[in-house]
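# Structure assessment
One letter stands for each residue in the lines below.
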Amino acid sequence: MPEPTKKDDGQPEVAPDSSDVPSENSVTSKEAKVATKDTEAKVTEAEAEAAVPTPAAEPPQPQPVVIVVTELEPVEGEVTDPQPIVTEPVENGHSEPEQTQPERSVQVIEVKEEEPSSSKTHDKDDDVTASTPSPPPPADGSTPKKLSIDLPNDSDPESTRGRKDSVWSLGDGQPPEEIDKQTENPPLSTLLIEKPQSGSITVGGDITFIAKVEAKDLLRKPTVKWFKGKWMDLASKTGKHLQLKESFERLSKIHTFEMHIIKAKENYAGNYRCEVTYKDKFDSCSFDLEVKEVPEVSQSIDIRSAFKRSSEGQDDAGELDFSGLLKHREVKQEETPEVDVWEILKNARPDEYEKIAFTYGITDLRGLLKRLKKTKKEEKKSEAFAKRLEPAYQVDKGGKIRLIVDLADPTVELKWYKNGQEIRPTPKFIFEHKGTQRIMVINNCQMSDDAAYSVTAGEEKCTTELFVKELPVNIVKELEPVKTTVNERIELECEVSEEGAKVKWMKNGVEVPTGVRSRYRVKSEGTKHWLIIDDASKDDTGTYSLMATGGTSQAHVQVDLKPLKVLMDLQSVTVLLGQPLKLNCEIYPGNVPGRWYKNGQLVQPNDRISITHKTKNHSLDVESSTIHDAGDYTFVPEGYTQTLSAKVHIIDPPRVHLEALNVQDNTVTIVAGNKLRLEIPISGEPAPRVVWMKGERVILDTGSRVHAETFADHTCLTIDITEREDTGNYKIVLQNEAGEDTASVKVKVVDIPDPPEAPLVTEVGGDWCTMTWEPPRYDGGSPILGYFIERKKKQSSRWMRLNFDLCKETTFEPKKMIEGVPYEVRIFAVNAIGVSKPSEPSKPFIPLAVTSEPTMLVVDDVTDTTVTMKWRPPDTIGAAGLDGYQIEYCIEGTDDWIVANKELTEKTKYTITGLPVEAKILVRVKAINAAGASQPRTTQHSILVKEVIEPPKIRIPRHLKQTYIRKVGEVVNLVVPFVGKPRPKVTWLKEGQPIDPTISIRNSDCDSIMFIRKAERKHSGKYELSVQVENHIDTAMLDIQIVDLPGPPQAVKIEEIWGNNVALDWSPPKDSGNAPITGYTIQKADKKTMEWYTCVEHYHRTCITISDLVVGNEYFFRIYSENMVGLSEDATATKDSALIVKEGLHLKNPEYNDRDFTEPPRFTQPLINTFAIAGYNATLNCSVRANPRPKVVWMKNKITIIDDPRYRMFHNQGVCTLEIRKPSPFDGGVYTCKAVNDLGEAQVDCKLEVKVITQE
């Protein structure tokens, strides 16, 4: 995993590996930052591919640099002296010198090994996971920078350093019960059903990592990304050494994503991560890759020549040097004595590595450290830490995180640092000690807590990095809908979960403009946000919404106009034809325009009509009115739904317009049986009175067959079914206040044929029938052209025509009828005039069909003389229903079918009896209904008539496999099923003897039932059930235990009395109730009162010491025994009493004569007359003195109160109380309290009055 760093000045950052594949086992995987106090080097754009510090044309003297190097932790060093650095681009292997420019500081970000583009030996696919360096943080020249270097140990691979399956960890030192406390925000979702697993390969080997995602609830393919380290996306690094594949299996609906690493190199090792996203769901998993290499045994190479930098980038370069790829520069060669540098490095401290390298001219520090880590050396264990911090932690914003280390020496001093600054205990940072564990708790994590943390124990140090994930901004208070009028102020308020959150205001899905000239103003204060409209208009009506990262809230704003006031309404008028017409009204506000409508049509001004509007007055003027000016006039103010209406009437003389009939001689011809409707236009204002007459008879509008109707512009004569008698002259008379008019119309009726006689149904099928009929006796004076046939269900009144083309014959075959439904048919005769009346319906008939054959015919049982068959009903039964089944059989080899059942059976199971032994038969079954017998269902194979023996087997229910316990008096009902053929013989025994006659046994073919109506103790024991079929026997044991209450304990006695303690001893009860004794209940009673109080319950031993007794009192004790049923009915009491005497005090009690405290009842406090309020509880109180304790009785009006839910009675320490719940006026009266004992009785009375409070 890359070294965790932060952006704060002076702290390490996470930098990707600079080799072909990012590696956690090389120094090049760390980002180094070196800053000097007086100089600084700038990195140019030409160095984007590779940038390393190189000496200038005239290199200065090597400056000592202190570097602390450990195997597991980054080493931080400081460069105190200035050192000018120059970097030059390399093109095609030749370098061109550039001007050296000293600066105040230098930042070394990354070295990327890459040959010139023209080299054919360089394989670009080697850069499987090469990354682009992250931009370094700004460096201050006055602040020293630090160089972080990591030296992993080959003997301690990455997979064995406590790495977890995920990049984020809670630490090994954290107790499991506290994990839930710190993880306040769980992950959004879990998408991965199979996660990549860590793996190990040798150099040059291949490996595949697989991730699977279930797609049942996903509408589209999820997005999968592969990373190396923390940020390096491997999607752009695919090629010869890295391949990403994906597939989808439609049956299981699973997406499979694969990452193939081919011919792995040593620097491919490290931590990888797979991330899956789908909409708002997210899941990730990290895994490790370990690349093993055969260690090099020989150490005889010249380290100075191996790690020296070349001047020309030619053949004199060291075998591990890559600086030949950089720009050319002339370096002054220095002669050094021949020494064994390897031995010096082995014996030196890690902080002296860089000094030794510069001393002996070794400039490739990275290659040196990479090679040095492969040398065999003794593994150095941490002396201070037994368990270190995890590499990284993650927590949600506002959550809590615990950083845990385990110390090898608990006495060592421990200090915590955040970005190099020591952390002091505060309410935010809390330090805890648990044994050898040291815990730092960070509460209410914010984005400022996203930093690098370290802990030092003496001289040792371990670091980690905390990542704080920002939570989405949620809506806390929703927008509320607003309804107002124009020119008012609108203010929408919403509250979110975080202060200073960025939100967006929308109107009808479009963002609200909030510029300087905008009508909308946006204001925020803390977590609250406002949208303000100072001067609302009707256009502001709409749906407004506030969008945040965690949700959206919306509300509707309705802006209405101001209410309309009518000062003068329109008035209806009546105008003579040709006279002027004037309509006017007055409304407020006066600046509201409006429109005039007549009968719903817009009125436009013209030469004859004028429309005026003066302030509040609106008027409509017509110079000369016409008939068309009459109607309903409406004035509609613009923008309002309210309207003003009035009617205008125009007076005109009546007139009949017979020319609209367009018939010769005003004669109308109609076919008999048809409907005649004569509509004759009329005119006149007001609407004239219309009278229709035939001869001297007036036709009313209430007539049934012949009636007249009058409308606004016409009159109508309607004859529903014309007849020959309707022929004649009809007169129309119109009258109104302007005059009168008359007219005549002649009606001629033509007849139709008589109806045929009722048809006959000659044949009936499943959905069809055949019918015949005779022609009608009278054809209506015209030949019969054909017939129409109609059909209907008998219970319906709706006839359906069966033919649309005339039927020329007198026979017809209706089809597509519903089976089992009664039908009727009828006939219509047709001639040139029309269609006759229908004939009488035929007699009802029912189409019927047989059922389909029975299904699933199988053999259920076979004996020596019988065969039992069973089957299922037919799939299709039909409307005729199913009357039953007929079973037939025949001997194999013959065709003689014999009916097995003389009468139909309705069951789907039947036993054929009387069959010859060992005969082979075939069986078939027919379904019978009113239409006949269905097709038979026959067995496929012959059946051998011979009984099959099935050994018996008892199937004991689970609850009977253990002791069956019941209480005395309860019902015992045990059902034990078994199997076996023929019917087994069942025998019950109790401990080898016949069972009690009081036990009822019922046996059937498949089970046996034991029934005890009232269980007794004698019914307990072991019962043996045996089932026998011929020589086959199966047995089962049932253990029944009938339990009862136990008897009282025996021999309860007082063993010892000392102080205020009493020791009791007793023996178990003689009768345990047929159940183990589970405990005892001990009670005590003062000799004065003899009221018993429980001291101990569920006590298991047979001796006990009762403590805390009152000195001077004398006590008796009694004990109940207890089992699973309950406490014993009786208790055993001690014969003697225990007197508690104060220790050290010996008082000789004088002899006194016992005083007789008995006395008859006497009331010391009588009842008092009381007033109560209806609906509020009332109480009556008194006190009585008596010995022995009296029986108290309450009475109302001399009637004893018994079991009345309206009253509650209490008697404690001589105080008697009667509570009356929510009294009513009927509860008033005289109440009496009566006390009775053996020496006498006494009573007191009071009067209760209930008042009702009346509300004025």
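Residues numbered from 1 in each chain as written. Predicted model: local features only at pLDDT ≥ 70, side-chain atom pairs only at ≥ 80, totals over all residues. Heavy atoms only, no water.

## Considerations on the confidence of the model for the chain
How we decide: For every residue, the predictor reports its confidence as pLDDT, a number between 0 and 100. Here, residues are in contact when the closest pair of their heavy atoms is within 4.5 Å.
Scored by pLDDT, the chain has a mean of 78; 79% of the residues are at 70 or more. For residues 297–301, every residue scores under 50 in pLDDT, and the model assigns this stretch 6 contacts once sequence neighbours within four places are set aside. Taken together, the stretch residues 309–336 has pLDDT below 50 and engages in 62 contacts with residues farther than four places along the chain or on a different chain.

## A look at the pattern of salt bridges
The following threshold applies: Note on definitions: salt bridges are taken to be side-chain nitrogens of Lys or Arg within 4 Å of carboxyl oxygens of Asp or Glu. In this text, helices come from DSSP runs of H or I with a minimum length of four residues, and strands from runs of E with a minimum of two, each type numbered from the N-terminal end. Accessibility here uses a 1.4 Å probe with only protein chains present; expressed as a share of the type maximum, an area under 20% marks a residue as buried, one over 50% as exposed, and anything in between as partly exposed.
Counted according to the given criterion, the structure contains 45 salt bridges. Between E790 and R826 there is a salt bridge; the shortest N-O distance is 2.8 Å. Taken together, the positions of E790 in strand 49 (residues 786–793) and R826 in strand 52 (residues 823–830) put the pair 36 residues apart, joining distant regions of the chain. When sorted by exposure, E790 lands in the same class as R826, which is buried. With its nearest N and O atoms 2.7 Å apart, the salt bridge here joins D1227 to R1206. Here D1227 is found in the loop between strand 85 (1215–1220) and strand 86 (1229–1237), whereas its partner R1206 is found in the loop between strand 83 (1199–1200) and strand 84 (1207–1212), with 21 residues between them in sequence. Looking at D1227, the relative accessible area reads 3%, which means it is buried.

## Things to note about the side chain of R826
Rule in force here: Polar contacts, as counted here, are pairs of nitrogen or oxygen atoms within 3.5 Å of one another; within protein the pair requires one atom able to donate a hydrogen and one able to accept it, and residues that are adjacent in sequence qualify only if both atoms are side-chain atoms.
Among the residues examined, R826 registers a relative accessible area of 15% and is labelled buried. Side-chain polar atoms of R826 contact the side chain of E790, separated by 2.8 Å. If we skip the residues at most four places from it in the chain, R826 touches P759, F788, I789, E790, W799, P838, S839, E840 and P841.

## What to know about the sheet that holds strand 82 (residues 1191–1196)
To keep things clear, this is the line we draw: In this scheme, strands are said to pair when DSSP sees at least two bridges between them.
A sheet is described by the order of its strands in space; here 5 strands give the open sequence 80-87-86-82-83, paired in mixed fashion. Looking at which strands have only one partner, the edges of the open sheet turn out to be strand 80 (1170–1173) and strand 83.

## Quick look at the packing of aromatic side chains
Aromatic ring pairs are described here by two measures, namely the spacing of the ring centres and the angle between the planes. Note the following rule: In this scheme Phe, Tyr and Trp rings, the latter by its six-membered ring, pair at centre separations within 6.5 Å, and the angle between planes marks the pair as stacked below 30 degrees, edge-to-face above 60, and tilted otherwise.
Taken as a whole and judged by the stated rule, the model has 12 aromatic pairs. Aromatic pair Y272 and F287: ring centres 5.9 Å apart, planes at 15°, arrangement stacked. Of this pair, Y272 sits in strand 10 (residues 270–278) while F287 sits in strand 11 (residues 281–292), and the two are 15 residues apart along the sequence. Each member of the pair, Y272 as well as F287, is classed as buried.

## Some details on the sheet that holds strand 30 (residues 565–568)
As a reminder, the rule being used: Axis definition: a line fit to C-alpha positions, over the contact stretch in the case of helices; interaxial angles, taken between N-to-C directions, run 0 to 180 degrees.
Strands sit in the order 30-32-36-35 across an open sheet of 4 strands; the sheet is antiparallel. If you trace the sheet from one side to the other, it starts and ends with strand 30 and strand 35 (609–614), each paired once. For this sheet the average axis-to-axis angle between neighbouring strands, irrespective of direction, equals 20°. Examined bridge by bridge, strand 30 and strand 32 (residues 581–588) share 3 bridges and lie antiparallel to one another. From the neighbouring strand, K565 faces strand 32, where its bridge partner is Y588.

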